Amino acid sequence: MSSSCPIDFSRAAFTALLMLLGAMPLARAQEKAGAVQPAALRVCAEPDNLPYSREDQSGFENRIARLLADDLQLPLHYQWLPDRRGFVRKTLGADGCDLIIGVPAGDERVLTTKAYYRSSYVFVQNETGAARSGALRSFDDARLPSLRIGVKLVGNDLAATPPGHVLARHEAVRNVVGFTVFGDGPPAQRMVDAVARGELDAAVVWGPQAGYFAARAVPALHITQAAAPADPDLPFSFSIAMGVRKGDRAMKARLDDFLARRAADIGSILDAYAVPRLPLASVEKP
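What you see is a predicted model, and the numbers here were worked out from it, not measured in a lab.

Peer 1: Can you explain the nonpolar core? Please cite residues and give values.
Peer 2: Of all hydrophobic cores here, the largest spans 69 residues; its most connected members are Leu41, Ile64 and Met242. Of all the elements, helix H3 (residues 60-72) adds the most residues to this core, at seven residues. Those residues within four positions of Leu41 in sequence are excluded, and the remaining contacts are Ala65, Leu68, Ala69, Leu72, Leu74, Pro75, Leu76, His77, Leu99 and Met251. The next biggest cluster of nonpolar side chains, apart from the first, holds eight residues, and it includes Cys44, Val88, Cys97 and Val110.

Written out as structure tokens, the structure is:
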């Protein structure tokens, strides 16, 4: 997910608005794409969003895009655009590219493939502290209200992200430190670095970002999956798929076939970027 992911959560949060803003031009582009056999693999990607993608073609989504292009024997082209509001409309919807490598499975803005991995939010802690006092695993942990905890802020509202929302429900926000999307580097990287420097006791970070940045931190950091809260209306883990235009069923079929055949190679790429993963449900598997 370019973030999106994951999935990034911010991408999913704007789904309804994007559908309204981009419905008409996207539909026209979908009809056009469905009638044309691709001469190249045209990928929509962010130019500076590790561990997902970067313009020098590092990042695990770029590695998967290269694997896919080679498998389909197509030249690989990119449309680079920061993942802000309007990303899908300005890329797929404007016919600038044909494929987003990482979107939440079932994303209503696009036609999604079978999921190829699933991850969740994790706790990041200093490894020594986690070994001495026990690793955080649940938002029911009685230590949380007294800890300095970092979370990502989508806007000015702490509750706009799943971790912030859960901490607020558990009345554990007194010492929470918010990290906005604006700053020197991705908020996930800044949170992980703050834990490594001892400025935070812990951070709650989307798994793929936590795994990548924690693996490069000094001193070593400890990651544990954050148990999903009991709130049934609050998703805490997401399956990630590829996204194409809603009318492009031929491309979706090719991608589903690729994901099934090259699952082991994709898994190796995700391992190289230390992406923590949960099992996919059987109905989601390629």
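Peer 1: Please give an account of the side chain of Ser119 that cites residues and values.
Peer 2: Following the sequence through the fold, Ser119 ends up in strand E7 (residues 117-126). The class of Ser119 is buried, set by a relative accessible area of 1%. One polar contact links the side chain of Ser119 to the main-chain carbonyl oxygen of Pro276, over a distance of 2.7 Å. Ser119 has contacts with Trp206, Gly207, Pro208, Ser237, Phe238, Pro276 and Leu278, leaving out every residue within four places of it along the chain.

Peer 1: Tell me about the state of the cysteines, and please be specific about residues and values.
Peer 2: Counted by the stated rule, this structure contains one disulfide. Disulfide pairing places Cys44 opposite Cys97 at an S-S distance of 2.1 Å. Its S-S torsion of approximately 110° makes the covalent link between Cys44 and Cys97 right-handed. Here Cys44, found in strand E1 (residues 41-45), pairs with Cys97, found in the loop between helix H4 (87-90) and strand E5 (99-104); they are 53 residues apart in sequence, far enough to count as distant. What makes Cys44 buried here is its relative accessible area of 1%. For Cys97, a relative accessible area of 0% corresponds to the buried category.

Peer 1: Quick rundown of the pattern of salt bridges? Include the residues and the values.
Peer 2: Where charged atoms from two side chains of opposite charge come close, those side chains can pair. Evaluated as defined, the whole model comprises 16 salt bridges. In this structure, Arg42 and Asp98 form a salt bridge, with 2.8 Å as the shortest nitrogen-oxygen distance. Of this pair, Arg42 sits in strand E1 while Asp98 sits in the loop between H4 and E5, and the two are 56 residues apart along the sequence. A network of salt bridges, in which partner residues are shared, links Asp71, Asp257, Arg261, Arg262 and Asp265.

Peer 1: An account of the packing of helix H7 (residues 187-196) against helix H8 (residues 207-214) is requested, with residue identities and associated values reported.
Peer 2: At a minimum axis separation of 9 Å, H7 and H8 run at an interaxial angle of 50°. Between H7 and H8, the angle is such that the two are oblique. For the element pair H7 and H8, the recorded crossing hand is right-handed. In this structure, H7 contributes Ala188, Gln189 and Val192 to the contact, and H8 contributes Gln209, Phe213 and Ala214.

Peer 1: How would you summarise the pairing of strand E12 (residues 237-244) if you had to cite specific residues and measurements?
Peer 2: The two faces of a sheet get side chains in turn, since along a regular strand they alternate between them. With respect to burial, E12 is a largely interior element, seven of its eight residues being buried. Relative to E12, E5 runs antiparallel, the two being bridged by three bridges. Residue pairing across strands places Pro104 opposite Ile240, the latter belonging to E12. Two elements, strand E6 (residues 111-112) and E12, share two bridges in a ladder whose sense is antiparallel. Paired with Leu111 across the bridge in E12 is Val244. Where E7 meets E12, four bridges bridge the pair, whose relative direction is antiparallel. Bridge pairing links Tyr117 to Ile240 in E12.

Peer 1: Outline H8, listing residues and values.
Peer 2: For H8, the buried fraction is high: eight of the eight residues fall into the buried class. Looking at the packing, one finds that the buried side of H8 touches H3, E7, H7, strand E10 (202-206) and strand E11 (221-225).

Peer 1: Now, about the packing of aromatic side chains: what can you tell me, with residues and values included?
Peer 2: Enumeration over the complete set of coordinates arrives at 12 aromatic pairs. Ring geometry for Tyr78 against Trp80: centres 4.4 Å apart, planes inclined by 15°, an arrangement best described as stacked. Overall, the relative accessible area of 18% leaves Tyr78 in the buried class. With 5.5 Å between their ring centres and 65° between their planes, Tyr121 and Trp206 make a pair best called edge-to-face. Remark: Trp206 occurs in strand E10 and Tyr121 occurs in strand E7; sequence separation between them is 85 residues. Taking relative accessible area as the criterion, Tyr121 reaches 7% and is therefore assigned buried. Feature note: the residues Tyr52, Phe60, Tyr116, Tyr117, Tyr212, Phe213 and Tyr273 constitute an aromatic cluster, connected by ring pairs.

Rules behind the numbers
Residues numbered from 1 in each chain as written. Predicted model: local features only at pLDDT ≥ 70, side-chain atom pairs only at ≥ 80, totals over all residues. Heavy atoms only, no water. Core = buried A, V, L, I, M, F, W, Y, C linked by side-chain atoms within 4.5 Å. Buried < 20%, exposed > 50% of the residue type's maximum accessible area, 1.4 Å probe, protein only. Helix = DSSP H or I, 4+ residues; strand = E, 2+ residues; numbered from the N terminus. Contact = heavy atoms within 4.5 Å. Polar contact = N/O pair within 3.5 Å; in protein donor to acceptor, adjacent residues only side chain to side chain. Disulfide = S-S within 2.5 Å. Salt bridge = Lys/Arg side-chain N within 4 Å of Asp/Glu carboxyl O. Axes fitted to C-alpha atoms, helices over the stretch in contact; angles between N-to-C directions. Parallel < 35°, antiparallel > 145°, perpendicular 65-115°, else oblique. Left-handed = near helix turned anticlockwise from the far one by under 90°. Pairing = 2+ DSSP bridges. Phe/Tyr/Trp six-rings, centres within 6.5 Å; stacked < 30°, edge-to-face > 60°.

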